[in-house]
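The lines below spell out each chain.
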Amino acid sequence: MSQLVQDWDEIKIGSKGRAPKVAKTSADINASFHYYFTAARRAGAVVATDKKISAGGNKAHAGRFTPTNGTDHQRIAKLDRENEVAPPPKVSASVGKAIQQGRMDKGFTQKEVAQKVNEKPSVIQDYESGKAIPNPQILGKLERCLGVKLRGNDIGKKLEAPKKS
């Protein structure tokens, strides 16, 4: 009988025989940097190096502006204070006292006055305590309900009954 003879070599498909990559250590990086740096200096090239000031620091807590942290919190806060809009004026204390006096004269509670002018009791409380921002519509309703002048001159003066013609 005849013998079977194999004529071909084994071939691997799909994988390349590469050597595994090894990460460079910081010592290797420093050594290669030092080699190229000294070689450039020997050749007469002008070499400049800059040291990083705050690499890896917490930028939110850096105190002053540096090129690496990008913000100057004190400067930004100052700009915010300069650009602030003044808060709107509050109701004067004389208006609050006039509302309270008119309410007491009529024998109403804050809740009753609020129901009559179709507002919340907290609104009446804010007007009496001087914490409210004046609203001409609400002041007009309160004037009619309490019979007391709350706008313009003579705040607290009793309103006269409308004249019939």
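Our structure is the block above this text.
In short, a report on the structure. (Residues numbered from 1 in each chain as written. Predicted model: local features only at pLDDT ≥ 70, side-chain atom pairs only at ≥ 80, totals over all residues. Heavy atoms only, no water.)

1. Points about the overall build of the protein
What the protein contains, in helices and strands, is six helices and zero strands. For the protein, the succession of helices and strands along the chain, N to C, is α-α-α-α-α-α. Looking at the 165 residues of the protein, the share that counts as buried comes to 18%. Contacts in the protein between residues far apart in sequence, at least 24 positions, make up 42% of those at least 6 positions apart. Accessible surface computed for the protein: about 14,400 Å², of which carbon and sulfur atoms make up 54%. (Helix = DSSP H or I, 4+ residues; strand = E, 2+ residues; numbered from the N terminus. Buried < 20%, exposed > 50% of the residue type's maximum accessible area, 1.4 Å probe, protein only. Contact = heavy atoms within 4.5 Å. Areas by Shrake-Rupley, 256 points an atom, 1.4 Å probe, with all protein chains shown as cover.)

2. Here we look at the pattern of salt bridges
A pair can form between side chains of opposite charge whenever their charged atoms are brought close. Tallied over the entire structure, the rule returns four salt bridges. The partner of Lys141 in a salt bridge is Glu119, with the nearest N and O atoms 3.3 Å apart. With Lys141 in helix α6 (residues 136-146) and Glu119 in the loop between α4 (110-116) and α5 (121-129), this residue pair connects regions lying 22 residues apart in the sequence. The class of Lys141 is partly exposed, set by a relative accessible area of 26%. For Glu119, a relative accessible area of 24% puts it in the partly exposed group. (Salt bridge = Lys/Arg side-chain N within 4 Å of Asp/Glu carboxyl O.)

3. Quick look at the nonpolar core
The biggest cluster of nonpolar side chains holds 19 residues, and the ones touching the most others in it are Ile99, Val113, Tyr127, Leu142, Leu146 and Leu150. Only α3 (93-106), α4, α5 and α6 provide two or more residues apiece to this core. In contact with Leu142, not counting residues within four places along its chain, are Ile99, Val113, Val117, Ile124, Gly147 and Leu150. (Core = buried A, V, L, I, M, F, W, Y, C linked by side-chain atoms within 4.5 Å.)

4. Thoughts on the side chain of Arg103
Looking at the element boundaries, Arg103 is found in helix α3. Among the polar contacts listed, one links the side chain of Arg103 to the side chain of Glu128, at a separation of 2.6 Å. If near-sequence neighbours (up to four positions away) are discounted, Arg103 is found in contact with Phe108, Thr109, Gln110, Val113, Glu128 and Leu146. (Polar contact = N/O pair within 3.5 Å; in protein donor to acceptor, adjacent residues only side chain to side chain.)

5. Considerations on α6
At 3.6 residues per turn, the α-helix brings residues three or four places apart onto the same side. If you check which residues of α6 are buried, you get Ile138, Leu139, Gly140, Leu142, Glu143, Cys145 and Leu146. Against α3, α4 and α5 lie the buried residues of α6. In this structure Asn135 caps α6, since a side-chain oxygen of it lies 3.1 Å from the backbone nitrogen of Gln137. Looking one or two residues past α6, Gly147 carries a phi angle of roughly 70°, positive in sign.

6. Here's the deal with the packing of α3 against α6
Where α3 contacts α6, the two axes come as close as 10 Å, and the packing angle between them is 35°. You can see that α3 and α6 cross each other, and the crossing is left-handed. Across the interface between the two elements, Val95, Ile99, Gly102, Arg103 and Lys106 from α3 touch Leu139, Leu142, Cys145 and Leu146 from α6. A breakdown of the residues in the contact of α3 with α6 according to their chemical character gives six nonpolar, one polar and two charged. (Axes fitted to C-alpha atoms, helices over the stretch in contact; angles between N-to-C directions. Left-handed = near helix turned anticlockwise from the far one by under 90°. Nonpolar A, V, L, I, M, F, W, Y, C, P; charged D, E, K, R; others polar.)

7. Observations regarding the side chain of Glu128
Positionally, Glu128 belongs in helix α5. The contacts of Glu128, once residues within four sequence positions are left out, are Gly96, Ile99, Gln100, Arg103 and Gln110.

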